[in-house]
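What follows is the residue order along each chain.
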Amino acid sequence: MVYLTCLCPTEVNSVNCNTSWKITLFMDYKENQDDILKGGDVVRLFHAEQEKFLTGDDYKKRQHVFLRTTGRTSATAATCSKALWEIEVVHHDPCRGGAGHWNSLFRFKHLATGHYLAAEVDNDTAPDQMRSKLRGQNGLAVYNLVSVPHGHDIASIFELDPTTLTRGDSLVPQSSYVRLRHLCTNTWAHSTSIPIDKDEDKPIMCKVGCASIKEDKEAFAIVPVSALEVRDLDFANDSSKVLGSISEKLEKSSITQNERRFVSQLLRDVIFFVGAQVDTLEYEFAKPDRERQKLLREQNILKQIFKILQAPFKDTGGNGAMLKMEELGETRQAPFRHICRLCYRILKISQNDYRKNQEYIAKQFPFMQRQIGYDVLAEETITALLHNNRLDKHIAEAGILTFVSLVRKNKECRFLDYLADLCVSNHVAIPICKCMLDGKNNDILIETKLVRTQFEAEADFEVDDGDGDRDGDGDPQREPRYSYDEEFDVILSWDAGEKNKSLRDLALGSSENCKEDVKILDYYRYQQDLFSHMFLDRQYLAINILSPQLDIDLILRCMSDDELPFELRAAFTRLMLHMHVDRDPQEQATPVKYARLWSEIPTELSIDDYESNMSKDATKESVKIKFESTIHFVENFLADVSCHKNSLFVDNEQNKLTFGIVNLGRHLIYFGFYSFSDLVRLTKTLLKILDSVPE
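Attention here is on the structure that accompanies the text. (Residues numbered from 1 in each chain as written. Predicted model: local features only at pLDDT ≥ 70, side-chain atom pairs only at ≥ 80, totals over all residues. Heavy atoms only, no water.)

## Here's the deal with the overall build of the chain
Of the regular secondary structure elements, the chain holds 21 helices and 19 strands. Here the chain holds 695 residues, and 43% of them are scored as buried. Residue pairs at least 24 apart in sequence account for 71% of intrachain contacts in the chain once pairs closer than 6 positions are excluded. Carbon and sulfur atoms form 49% of the exposed surface of the chain, whose accessible area is close to 37900 Å². (Helix = DSSP H or I, 4+ residues; strand = E, 2+ residues; numbered from the N terminus. Buried < 20%, exposed > 50% of the residue type's maximum accessible area, 1.4 Å probe, protein only. Contact = heavy atoms within 4.5 Å. Areas by Shrake-Rupley, 256 points an atom, 1.4 Å probe, with all protein chains shown as cover.)

## Observations regarding the pattern of salt bridges
Counting across every chain of the model gives 40 salt bridges. The closest approach of N and O atoms between D122 and K207, which form a salt bridge, is 3.2 Å. Taken together, the positions of D122 in the loop between strand 8 (116-121) and helix 1 (129-135) and K207 in strand 13 (residues 205-211) put the pair 85 residues apart, joining distant regions of the chain. Overall, K207 belongs to the buried group, its relative accessible area being 11%. Linking E635 and R681 is a salt bridge whose minimum nitrogen-to-oxygen distance equals 3.1 Å. (Salt bridge = Lys/Arg side-chain N within 4 Å of Asp/Glu carboxyl O.)

## Section: the packing of aromatic side chains
Applying the stated criterion across every chain yields a total of nine aromatic pairs. Seen in terms of ring centroids, F235 and F273 are 4.7 Å apart; in terms of plane orientation they differ by 45°. Their pairing is tilted. In this pair, F235 sits in helix 2 (residues 227-251) while F273 sits in helix 3 (residues 257-275), placing the two residues 38 residues apart along the sequence. Exposure remark for F235: the relative accessible area of 26% places this residue in the partly exposed category. For the pair F415 and Y418, a centre-to-centre distance of 5.7 Å together with 85° between the ring planes defines the contact as edge-to-face. A residue pair is termed a helical-turn pair when its members lie 3 or 4 positions apart in one helix, as F415 and Y418 do in helix 11 (residues 413-422) at three residues. One exposure class covers both F415 and Y418, and it is buried. (Phe/Tyr/Trp six-rings, centres within 6.5 Å; stacked < 30°, edge-to-face > 60°.)

## Digging into unusual backbone geometry
Negative phi characterises most residues that are not glycine, and trans characterises most peptide bonds. Across the junction of D584 and P585, the peptide omega takes the value 5°, indicating a cis bond. The residue P585 is located in the loop between helix 16 (566-581) and helix 17 (607-612) in this model. Located in the positive-phi region is D353, a residue other than glycine, with phi close to 55°. Of note, D353 is situated in the loop between helix 6 (334-351) and helix 7 (355-362). The residue D375 is not glycine, and still its phi comes out positive at about 60°. Examined against the element boundaries, D375 turns out to sit in the loop between helix 8 (365-369) and helix 9 (378-386). For D375, a relative accessible area of 43% translates into the label partly exposed.

## Considerations on the nonpolar core
The biggest cluster of nonpolar side chains holds 126 residues, and the ones touching the most others in it are M368 and L503. Broken down by element, this core gets its largest block of residues, nine residues, from helix 6. Ignoring any residue separated from it by four or fewer positions in sequence, one finds M368 in contact with F306, Y344, L347, I361, A378, I382 and L385. In this structure, V65, I87, C206 and F220 belong to the second largest nonpolar core, which totals 27 residues. (Core = buried A, V, L, I, M, F, W, Y, C linked by side-chain atoms within 4.5 Å.)

## Here's the deal with the side chain of D582
Structurally, the position occupied by D582 is in the loop between helix 16 and helix 17. Polar side-chain contacts of D582 include one of 2.9 Å to the side chain of R538. (Polar contact = N/O pair within 3.5 Å; in protein donor to acceptor, adjacent residues only side chain to side chain.)

## Topic: helix 11
The periodicity of an α-helix, 3.6 residues per turn, causes residues three or four positions apart to be oriented the same way. Along helix 11, eight of the ten residues are buried, which leaves the element largely enclosed by surrounding structure. Considered for burial, the residues of helix 11 that qualify are C413, F415, L416, Y418, L419, A420, D421 and L422.

## Points about the environment of D128
By the element assignment, D128 lies in the loop between strand 8 and helix 1. Given a relative accessible area of 6%, D128 falls into the buried group. For the pair D128 and T192, spaced 64 residues apart in sequence, the C-alpha to C-alpha distance is 6.5 Å. With near-sequence residues (within four places) excluded, D128 lies in contact with S191, T192, S193 and I194. Among the polar contacts made by the side chain of D128, one reaches the main-chain amide nitrogen of M130 at a distance of 3.3 Å.

## Digging into helix 10 (residues 397-410)
Spanning 14 residues, helix 10 covers 20 Å between terminal C-alpha atoms, matching the ideal 20 Å at 1.5 Å per step. Looking at the packing, one finds that the buried side of helix 10 touches helix 8, helix 9, helix 11 and helix 13 (515-534). Just downstream of helix 10 lies K411, where phi reads positive at about 50°. (Expected span 1.5 Å × (residues − 1).)

## Things to note about the environment of H338
Within the secondary structure, H338 sits in helix 6. The class for H338 is partly exposed, based on a relative accessible area of 27%.

## Points about the pairing of strand 5 (residues 63-68)
Strand 5 sits mainly inside the fold: five of its six residues count as buried. Looking at chain direction, strand 4 (residues 52-58) and strand 5 are connected through six bridges and run antiparallel. Bridge pairing in strand 5 places D58 opposite Q63. Here strand 4 folds back onto strand 5, and the loop between the two strands holds four residues, one of which, K60, carries a positive phi near 55°. Here strand 5 pairs with strand 13 via three bridges, running antiparallel. The residue of strand 13 that forms the bridge with L67 is C206. (Pairing = 2+ DSSP bridges.)

## A few points about the environment of S247
If you trace the backbone, S247 turns up in helix 2. Judged by relative accessible area, S247 falls into the buried class, the value being 2%. The spacing of S247 and I305 is 58 residues in sequence and 8.4 Å in space, taken between C-alpha atoms. Once residues lying within four places of it in the same chain are set aside, the contact partners of S247 are Q304, K307, I308 and A311. At a separation of 2.7 Å, a polar atom in the side chain of S247 contacts the main-chain carbonyl oxygen of G244.

Written as C-alpha cells, this is what we have:
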C-alpha cells in the first residue's frame, strides 16, 4: 500500500503513512482507444444539415448556446475556440470516466467557460417552421439548449442516438453522427431559424431548440479536437483571467513590484505564443499563427490588453490617476512603459494579416491616438493596423495631424514613414492625407528647386584681316571671344527657407559621414517616399499640388545623377512613376489580338509592316515627346546593367534602383510609349540581364 500526501499546492509525493488521499479508477486501460469517444475527449458538434457548429458565447451579459452562422465558403473551416466541448461519461461515481457506449449518459462541458450544456422551457413565441413541425398537433411544450454553471444539475444529462442501426452496448466511435436526446425532458435537439442576436445588423446566433418529435436529419457530427488546440485554449483562457485581475489592480493602484514583473513575463509569453519571436520588441517577427491570433480575440486577451493600457491613467476613485502619460518617460516609470510596449507589441502581432482582429482593434483607434508620442509603440501599431487595409474610415484629419506634429517635434524619419503607411488604404492613396500639404506644414517639408546658373566661357578664334597677314610667323591672328553657358543644380531648402544646400553637396557630405548631411538626406528620401504614397492610384488632390514643383525634368535629373545615393535615386524613380507616368491621359495599351479571321492575316508580315498598319493616337504621341528623355534613360540604364555581368546584383542598394527602373519601364510599356521594334530591343536587353544571373 502506498499513500499520497500533498506537500504544497503544486506537488504531490508518495509516503508510507496514512493520509486523506484516495486513488479512484477513471478509465480502464482497455478503453483507452484513439478511435473511441471517451470521457475527457474534447470535440466540436457540427450540425450536418445546417452546416454550423454548436457554440457557447456571451451576449448581452448572458451565456447562450447556439448554432453559429459563418460567411465562409467552407463551413467546416469556420472553427472557433468557443465551440469546444469536453465529453463527460456519467457514472454513479462522479470521479469515473471511461469509454462511452450508445446506452451511456453524457454531459457536455463548454471548455472555454466551464459551463454545461442543458435544456429549459422556451416560451419564445417567434415563428419557426421546424419548431412548429416538431411541436406536433397537440401543442406540446418546446425547449431550447442553454448553459448552466454546474455539472451536478440533472438538466445537463444527454443521450446519444446513432444515425445507423447498432447495438446499445457497443462503443461510440469518436467520429460519428449522432442525435442529441435530453434525458429529463425526453426531447430531441433541433435547429431553428430564430436569431438570438436579432438586434445586430447580421445575426449569426441561431437558437437550438428541443422538441418531443425526433427528426432524422437533425444530426450532429462529432469532430475530434487535437490535444495541441486544447492546450492553446487553456493557455489563452488562463492568460485572459490573469490579465483581467492585473487590470483591476492597476485601476485600484494596488499592484506590487512582483506582480509587475509577473505580468511583464506573461505578456512576453503571449508574444512568443503568437509570433514565436526571439526578441519580443524587435520590429520584425515570424509569421504569426492564425489560430492563436484568433484565440487572443475570442478569449478576450485583446480586451484585457486595452484595459491594462487604460487602467493606470484612469481616475476611478476621484483621487486622480495612478500615472500620467507624460510620466512614462521618467526612469522610475520604466517598468510601466515596458508593460505598455509589450501590450502594443501583442496588438501589432495579433492584427497581422487577420481581418477580424484588425476590425476589433480599429474600434480603439481614438484611444490609441492619445498614447502616440510616448515611446510605447502606439505609432507603430496604428500604422501597421491601417496600412493597406480597408480601414480608412477610422483615419481622420486629426489623426494625420497628430503624426504631423510628431514630425515637427522630433524631425525623425520614422514618423514620415508612419505617415506614408497611413496614406495608403488597400493600395490606394486616401484623400484625407492632402492635409499634409497644407501651407502651414511647409516648415516640416524640404523644398526642391531647380536653379539655373549662367557663367561666362572664354574661347580663342582666328581673325582674318583680309590680306592674309600672319605677322611674319606664319600663324593666324587670334582674339579672345566670350560666350555664356548654363548649368542646372538641384537646391534643397528647409527650416522655412533659412537653410539651403545643393543636393549634390548633401550627397557628398553624406558619403563623408557628415552627420548633419546624412540626417537631412535621409529625411529628404523619406519625404519623397511619402509623396509617392500620396500619389498612388492617381490621387490628383496631391498630384496637382506637387507636380508643378517636381516636374519631369527635375526628377529625371535626380534619377540619372550618378553622384546621388542609389536609394535616393530609387525614391525619385517611384516619384516619376506615380506623379507623371501613372496619370491621365495615360491608359493601358490594348495587347495584340490573337483572335483574328484568316482573311485578315497576311502571308508575310514584318515588324515595320505591323507598326505601319497601327493607327496612332495624336494625344499619346504628344505626351510621348515629354517622356522621350525618360525612355532613353531607362534603356541606357538597363543596357549598362547588362554589361556588368561580374557585379550584377551584388550591391543591394543598387538593386533597389534597378528594380525601380524596371518597374518604371514596365509601366511605360503598358501605357503604349514603346513601339513594337523598341519593345523587341528592350526585351533583348532584359533577357541579357536574366542570362547573367547565376543559378
